[in-house]
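# Results of the structural survey
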Amino acid sequence: MNKHLKVIGIIIVIAMLFFAITGCQPAKKGKIVVGFSQIGAESAWRVANTESIQKEATKRPNIELKFSDAQQRQENQIKALRSFIAQKVDVIAFSPVVESGWEPVLKEAKAAEIPVILTDRAVDTNDDSLWVTFMGSDIVEEGRRAARWLVEYMKGQPANIVELQGTVGSAPAIDRKTGFEEILKDHPELKVIKSQTGEFTRSKGKEVMEAFLKAEGKNINVLFAHNDDMALGAIQAIEAYGLNPGKDIIIVSIDAVRGAFEAMIEGKLNCTVECSPLLGPQLFDAVDALMAGKTLERRIVTEEGVFPQEVAAETLPSRTY
Ligand code: AHR
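First, a word on scope: everything that follows refers to the structure included in this document. (Residues numbered from 1 in each chain as written. Predicted model: local features only at pLDDT ≥ 70, side-chain atom pairs only at ≥ 80, totals over all residues. Heavy atoms only, no water.)

## Topic: the overall build of the protein chain
Counting its regular elements, the protein chain contains 11 helices and 12 strands. For the protein chain, the spread of C-alpha atoms along the three principal axes comes to 90 × 40 × 35 Å. Counting only residues that meet the buried cut, the protein chain has 52% of its 321 residues in that class. For the protein chain, restricting intrachain contacts to residue pairs at least 6 apart in sequence, the fraction spanning at least 24 positions comes to 74%. A total accessible area of about 14900 Å² is found for the protein chain, and carbon and sulfur atoms account for 54% of it. (Helix = DSSP H or I, 4+ residues; strand = E, 2+ residues; numbered from the N terminus. Buried < 20%, exposed > 50% of the residue type's maximum accessible area, 1.4 Å probe, protein only. Contact = heavy atoms within 4.5 Å. Areas by Shrake-Rupley, 256 points an atom, 1.4 Å probe, with all protein chains shown as cover.)

Here it is as structure tokens:
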């Protein structure tokens, strides 16, 4: 065999071994096909998250996005992931509706050599090699931030708290509760007297708050809602009950959507903790890096703030979701 051909052959074999051993993939020519499975449209946050991902994809000529809406059902997300695998997409990304139950389908993606990116929510798997990176907020910290704000606001006064949790089994419902309780354990004067899921939706938030008020009435001093939408629903229930939200019942929630700022300006909500849904640019930067053979950080954390009522009016004009 010609000497040059031999050298080229050796280089190709070494490169193939490198990609096989490191799991890196050679840079791809043409469009990168990304399959994204979204949870649904349960909240203003989720709608903004979808918009961020879809808008960013259209700005990038090298990306083809296959988007699927699971309408809040894990089985629909699993179906979508299986269909992405069958279509041999280059990358799968998804925001898991609940934490558990993903291992089988993620193993199928791994066997098909399709890297998986988790956006916004974590999964609970025994094998961490089933996904390449998890990008999104520090959700436990969001719960801590809400509690720290409350501790400071209450200045040692005792209070009975009702809690509206997110979707049962979802990472933000579990982690926000954990973070909130972690801070409250050093403040026995602040007691959670009722805690129930409001499924991250405005209508369920309203319904559960009505039930809380029926059971506890004026005994309730504070509402902690795992998202703004549930807080906004609860505000309607509090007003219908004849109390003043933001005054008779202090309200702290999470997300920092525009509706929360409007409620703060009206004096009906006291504080919102930011959870940014604007993950589109980060997601496609990560996809590009992955396709260029780079290794991603296992955890990409989003920077976020806390917005009390006092800054609502000056901050609202700059809010984009
Ligand atoms: O996972 C993020 C959470 O999901 C947001 O706080 C909530 O509004 C959404 O539905």
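Past the structure itself, the notes keep going.
## Some thoughts on the site of the ligand
Surveying the vicinity of the ligand reveals the residues Glu42, Ser43, Trp45, Arg46, Asp120, Arg121, Pro172, Arg176, Phe200, Asn227 and Asp255. Take arginine 121: an N or O atom from its side chain is 2.8 Å from an oxygen atom of the ligand. Summarising the interface, the protein chains cover 100% of the accessible area of the ligand, which totals 280 Å² for the free molecule. Using a 2 Å cut-off from the grid points, one finds that the ligand occupies the largest cavity. Sorting the residues of the shell around the ligand by element identifies α2 (44-59) and α6 (171-184) as the ones contributing at least two each. Broken down by class, the residue content of the shell around the ligand amounts to three nonpolar, two polar and six charged. (Near = heavy atom within 4 Å. Polar contact = N/O pair within 3.5 Å; in protein donor to acceptor, adjacent residues only side chain to side chain. 1 Å grid on protein atoms, 1.4 Å probe; cavity = no way out; pocket = protein on both sides within 12 Å on 5 of 7 lines; lining within 4 Å. Sits in = over half its atoms within 2 Å of the grid points. Nonpolar A, V, L, I, M, F, W, Y, C, P; charged D, E, K, R; others polar.)

## Comments concerning the packing of helix α3 (residues 74-86) against helix α4 (residues 103-111)
For any two helices packed against each other, one specifies the inter-axial angle together with the distance between the axes. One way to put it is that α3 packs onto α4 with a least axis distance of 10 Å and a crossing angle of 10 degrees. With respect to each other, α3 and α4 are oriented roughly parallel. Residues Ile78, Leu81, Arg82 and Ile85 of α3 form the contact with α4, whose participating residues are Val105, Leu106, Glu108 and Ala109. Of the residues contributing to the contact of α3 with α4, the split by class is six nonpolar, no polar and two charged. (Axes fitted to C-alpha atoms, helices over the stretch in contact; angles between N-to-C directions. Parallel < 35°, antiparallel > 145°, perpendicular 65-115°, else oblique.)

## Details of unusual backbone geometry
The backbone phi angle of glutamate 113 is positive, close to 60 degrees, even though this residue is not glycine. Mapped onto the secondary structure, glutamate 113 falls in the loop between α4 and β4 (116-119).

## A short note on the layout of surface pockets
One number sums up the size of the second largest pocket: a volume of about 230 Å³. Surrounding the second largest pocket, Ala44, Val47, Ala48, Glu51, Ser52, Lys55, Glu56, Lys59, Leu278, Pro281, Thr320 and Tyr321 form its lining. If one sorts the elements of the lining of the second largest pocket by residue count, α2 sits on top with eight residues. Of the residues in the lining of the second largest pocket, the class split is six nonpolar, two polar and four charged. (Points joined across faces, edges and corners; volume = space filled by probe spheres on them.)

## Let's talk about empty space enclosed by the protein
Under the defined criterion, the tally for this structure stands at one cavity of 30 Å³ or more. If you trace the largest cavity, you find it lined by Glu42, Ser43, Trp45, Arg46, Asp120, Arg121, Pro172, Arg176, Phe200, Asn227, Asp255 and Cys275. Residue assignment for the lining of the largest cavity shows that the elements contributing at least two residues are α2 and α6.

## Points about the environment of leucine 290
Position of leucine 290 relative to the elements: it lies in helix α10 (residues 280-291). The exposure class of leucine 290 is buried, given its relative accessible area of 10%. Considering only alpha carbons, one finds leucine 290 and aspartate 124, 166 residues apart in sequence, at a separation of 23 Å.

## A look at the pairing of strand β3 (residues 91-94)
On any regular strand, side chains alternate: one points to one face of the sheet, the next to the other face. Neither face of β3 is exposed, since Val91 and Ala93 on one face and Ile92 and Phe94 on the opposite face are all buried. Pairing analysis gives three bridges linking β3 to β4, with the strands arranged parallel. When the sheet's bridge partners are listed, phenylalanine 94 is paired in β4 with leucine 118. (Pairing = 2+ DSSP bridges.)

## Thoughts on the packing of helix α5 (residues 139-154) against α6
Running from N to C, α5 and α6 point in directions that differ by 40 degrees, and their axes come no closer than 7 Å. Here α6 runs oblique to α5, going by the angle between their axes. Judged by the sense of rotation from one axis to the other, the crossing of α5 with α6 is right-handed. The residues of α6 that touch α5, namely those facing Ile139, Val140, Glu142, Gly143, Arg144, Ala146, Ala147, Arg148, Leu150 and Val151, are Ala171, Pro172, Asp175, Arg176, Gly179, Phe180, Glu182, Ile183 and Leu184. The class makeup of the residues in the contact of α5 with α6 is 11 nonpolar, two polar and six charged. (Left-handed = near helix turned anticlockwise from the far one by under 90°.)

## Quick notes on the pattern of salt bridges
Between side chains of opposite charge, pairing is possible as soon as their charged atoms come close. Per the stated rule, a full pass over the model turns up 24 salt bridges. Note that lysine 55 is salt-bridged to glutamate 51, the shortest N-O span being 4.0 Å. One end of the pair is lysine 55 and the other is glutamate 51, both in helix α2 and four residues apart, which spans about a single turn. The salt bridge partner of glutamate 141 is arginine 145, with a shortest N-O separation of 3.6 Å. Of this pair, glutamate 141 and arginine 145 both sit in helix α5, four residues apart, roughly one helical turn. Owing to a relative accessible area of 14%, glutamate 141 belongs among the buried residues under this scheme. According to the relative accessible area criterion, arginine 145 is partly exposed, its value standing at 23%. Through salt bridges that share partners, Glu56, Lys59, Arg60, Asp285 and Asp288 make up one connected network. (Salt bridge = Lys/Arg side-chain N within 4 Å of Asp/Glu carboxyl O.)

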